[in-house]
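One letter stands for each residue in the lines below.
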Amino acid sequence: MALAFVLINTEIGAEESVVTTLKNIEEVKEAYLAYGVYDIVAKIEAADMETIKRVISEKIRALKAIKTTTTMIAQIS
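Residues numbered from 1 in each chain as written. Predicted model: local features only at pLDDT ≥ 70, side-chain atom pairs only at ≥ 80, totals over all residues. Heavy atoms only, no water.

Caption draft 1: Just the overall build of the protein chain, in detail. For the protein chain, the count of helices and strands is two helices and four strands. When its helices and strands are written in sequence order, the protein chain yields β-α-β-β-α-β. Its C-alpha atoms give the protein chain principal-axis dimensions of roughly 35 × 20 × 20 Å. For the protein chain, buried positions account for 36% of its 77 residues. Taking the contacts inside the protein chain whose residues are at least 6 apart along the sequence as the reference set, 66% of them involve residues at least 24 apart. Approximately 4900 Å² of the protein chain is accessible, and the part contributed by carbon and sulfur atoms is 51%. (Helix = DSSP H or I, 4+ residues; strand = E, 2+ residues; numbered from the N terminus. Buried < 20%, exposed > 50% of the residue type's maximum accessible area, 1.4 Å probe, protein only. Contact = heavy atoms within 4.5 Å. Areas by Shrake-Rupley, 256 points an atom, 1.4 Å probe, with all protein chains shown as cover.)

Caption draft 2: Geometry of helix α1 (residues 15-22). Those residues of α1 that sit buried are Val-18, Val-19 and Leu-22. Buried residues in α1, looked at end-on, bunch into an arc of 100 degrees, giving them a common side. (Arc of directions from axis to C-beta.)

Caption draft 3: Geometry of the nonpolar core. Ile-8, Leu-22, Val-28, Ile-44, Ile-52 and Ile-60 are the most contacted members of the largest nonpolar core, which has 20 residues in total. At the level of elements, β1 (2-10), α1, β2 (28-33), β3 (40-46) and α2 (49-60) are the ones that each hand at least two residues to this core. Filtering out sequence-adjacent residues up to four positions away, Leu-22 remains in contact with Ile-8, Val-28, Ala-31, Ile-40, Ala-42, Ile-60 and Leu-63. (Core = buried A, V, L, I, M, F, W, Y, C linked by side-chain atoms within 4.5 Å.)

Caption draft 4: Summary view of the pattern of salt bridges. Tallied over the entire structure, the rule returns three salt bridges. When the shortest N-O distance is used, the salt bridge between Glu-27 and Lys-59 registers 3.3 Å. A residue pair is termed long-range when its members are at least 10 positions apart, and Glu-27 in the loop between α1 and β2 and Lys-59 in helix α2 qualify at 32 residues. Exposure remark for Glu-27: the relative accessible area of 13% places this residue in the buried category. For Glu-45, the salt bridge identified is with Lys-43, shortest N-O distance 3.5 Å. Via salt bridges that share partners, Glu-30, Lys-43 and Glu-45 belong to a single interconnected network. (Salt bridge = Lys/Arg side-chain N within 4 Å of Asp/Glu carboxyl O.)

Now the structure itself:
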């Protein structure tokens, strides 16, 4: 299993709608509004790293209200 946390910056005012959209993506297990440098933190789990990459590039970064993402790959112990 692969695990990643994605730190997201959105357009101003789009944070809540992006969180709602993220929660409808199967691989997104958790998504939270954040205050500080990033607007949203999302936890992604998938069978392998290739799926994680595809979810981030094709499902998350493709959302129009998302300005930037930073991905942190985590090791499951």
